[in-house]
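Understanding the architecture of this molecule
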Amino acid sequence: MTDGRLVDRRIVVTGGATGVGAGAVGALARAGARVAAVHHSTPPPDSLRDVAAWWQCDLRDQNAVEELFAEAVGELGGLDVLVHCAGLWVPSTPDRLTEEDLDALLATNVKATVFTNQAAFTHLREGGGAIVNVGSCEAVTGNPIAASYAMTKGAVHAWTRSAARAWGRHGITVNTLAPAAETPGADRFREFLGPEAAARMDRGMSQSIVIGGRLGDPLEDIGPALVFLASSDAHFITGQV
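Let me sum up the structure you'll find in this document. Keep in mind that what you see is a predicted model, and the values were worked out from it rather than measured. Going along each chain's sequence as written, the residues are numbered from 1 onward. Confidence filtering applies because this is a predicted model: local features only for residues at pLDDT of at least 70, side-chain atom pairs given and counted only at 80 or more, and all residues used for totals across whole chains, interfaces and linings. To obtain the side-chain values, all non-hydrogen atoms of the structure were included, while hydrogens and water were left out.

**Digging into the overall build of the chain**
Numbered from the N terminus, helices here are DSSP runs of H or I no shorter than four residues, and strands are runs of E no shorter than two. Of the regular secondary structure elements, the chain holds eight helices and six strands. The linear arrangement of helices and strands in the chain, starting from the amino end, is β-α-β-β-α-β-α-β-α-α-β-α-α-α. In this treatment the radius of gyration is a C-alpha quantity, and the globule benchmark scales as 2.2 Å times the residue count to the 0.38 power. Taken against the 2.2 N^0.38 rule, which gives 18 Å for 241 residues, the C-alpha radius of gyration of the chain at 17 Å falls within 12% of a compact globule. Along the three orthogonal principal directions, the C-alpha set of the chain runs to about 50 × 40 × 35 Å. The buried share of the chain, taken over its 241 residues, is 50%. Working note: accessible area of the chain is about 11,700 Å², and carbon and sulfur atoms make up 52% of it. Residue burial is assigned from relative accessible area. The probe radius is 1.4 Å, only protein chains are included, and a residue is buried under 20% of its type maximum, exposed over 50%, and partly exposed in between. Accessible surface area values rest on a Shrake-Rupley calculation with a 1.4 Å probe, where residue burial reflects the displayed protein chains alone.

Dropping the structure here:
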């Protein structure tokens, strides 16, 4: 059953197999959208296989991204919205960040954002639409043990503002959602910290996160915000984090 808010909306979701992306696929489909979902190394879960058309793509490859959008948009019969959720969290400290680690995160979190947004723009420039990038609360607060992740997500925030100013004349809104969500990245964070430090972190969140005392659920907590930003109700919001 759908609630009808996004009926007739044709949406591409990247990073759709896990975390915020999986929540996006579920929430957008539940709102009535036609969804083309993209995954890379993690296959889509059985619960989402039938609610979207699926493609596999390495979004760090610009040619592959352009081919993906041509196929997916052809399948959907057009494009109204891109929800770009693909990204990767890895630990790194400012003093020990290596060139190899930096290049990997720049490609995964920044280049993939640019390439997917550009590909979406090609299909949206005539009729308008929306692009929603997923950033991170860590890009706002910083993270001393995930410096490269925070930095690259900060670049996503800055890119969003620039693209919004450039593409608004085409009727395209570009916004970023910066969630604090329970994802595989959060689990990797806990593993990196170790059991005792992870438990302290969770206790701290129970005090600092005033609604529920926990990280948000990708489907039920983050999904509705993505549905709103993908809807016509958000047509006068752009360049925001």
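More follows now that the structure is in view.
**Topic: a negative patch on the surface**
Residues form patches when they are more than 30% accessible in relative terms and have no salt bridge. Like charges link within 9 Å. Nonpolar side chains (Val, Leu, Ile, Met, Phe, Trp, Tyr) link within 5 Å. Criterion for a salt bridge: a side-chain nitrogen of Lys or Arg within 4 Å of a carboxyl oxygen of Asp or Glu. By the counting rule applied here, Lys and Arg register as positive and Asp and Glu as negative, while His and the ends of each chain are not counted. To locate a charge, take NZ of a lysine, CZ of an arginine, CG of an aspartate or CD of a glutamate. Together, Asp61, Glu66, Glu67 and Glu71 make up a region of like negative charge exposed at the surface. Residue Glu71 is classed as partly exposed on the basis of its relative accessible area, which comes to 48%.

**A short note on the packing of helix 2 (residues 62–76) against helix 3 (residues 99–124)**
The axes are straight lines fitted to the C-alpha atoms, using for helices just the contacting stretch, and the angles between their N-to-C directions are given from 0 to 180°. Two numbers describe how helix 2 lies on helix 3: the axes approach to 9 Å, and their chain directions differ by 40°. In this view, helix 2 runs oblique relative to helix 3, as classed from their interaxial angle. The element helix 2 and its partner helix 3 pack so that their crossing is right-handed. Judged by residue contacts, Gln62, Val65, Phe69, Ala70 and Val73 of helix 2 engage Phe115, Thr116, Gln118, Ala119, Ala120 and His123 from helix 3. Geometric relationships in this document are graded by angle, where less than 35 degrees denotes roughly parallel, more than 145 denotes roughly antiparallel, 65 to 115 denotes roughly perpendicular, and other angles denote oblique. Helix crossings get a hand from a simple test, with the near helix turned counterclockwise from the far one by less than a right angle marking a left-handed crossing and a clockwise turn marking a right-handed one. When checking whether two residues touch, look at their non-hydrogen atoms; a contact exists if any pair is within 4.5 Å.

**Topic: the pairing of strand 6 (residues 172–177)**
Counting buried residues along strand 6, six of its six residues qualify, which places the element largely inside the surrounding structure. Both faces of strand 6 are covered, namely the face carrying Ile172, Val174 and Thr176 and the face carrying Thr173, Asn175 and Leu177. Pairing between strand 5 (residues 129–134) and strand 6: six bridges, direction parallel. Within strand 6, the position partnered with Ala130 by the bridge is Thr173. Following DSSP output, two strands are said to pair if at least two bridges run between them.

**Details of the environment of Gly239**
One can find Gly239 in the segment after helix 8 (218–230). Between the C-alpha atoms of Gly239 and Gly128, which are 111 residues apart in sequence, the distance is 15 Å.

**Thoughts on the packing of aromatic side chains**
Working definition: a ring pair exists when centres of Phe, Tyr or Trp rings (six-membered ring for Trp) sit within 6.5 Å. Plane angles under 30 degrees give stacked, over 60 give edge-to-face, the rest tilted. Under the definition given, this model contains two aromatic pairs. The interplanar angle of 15° and the centroid separation of 4.5 Å between the aromatic rings of Phe121 and Trp167 together place this pair among those described as stacked. With Phe121 in helix 3 and Trp167 in helix 5 (residues 147–167), this pair connects stretches of sequence that are 46 residues apart. With respect to class, Phe121 is no different from Trp167; both count as buried. Plain terms: the ring middles of Trp159 and Trp167 are 6.1 Å apart, the flat faces sit at 85° to each other, and that makes the pair edge-to-face. The exposure class of Trp167 is buried, given its relative accessible area of 10%.

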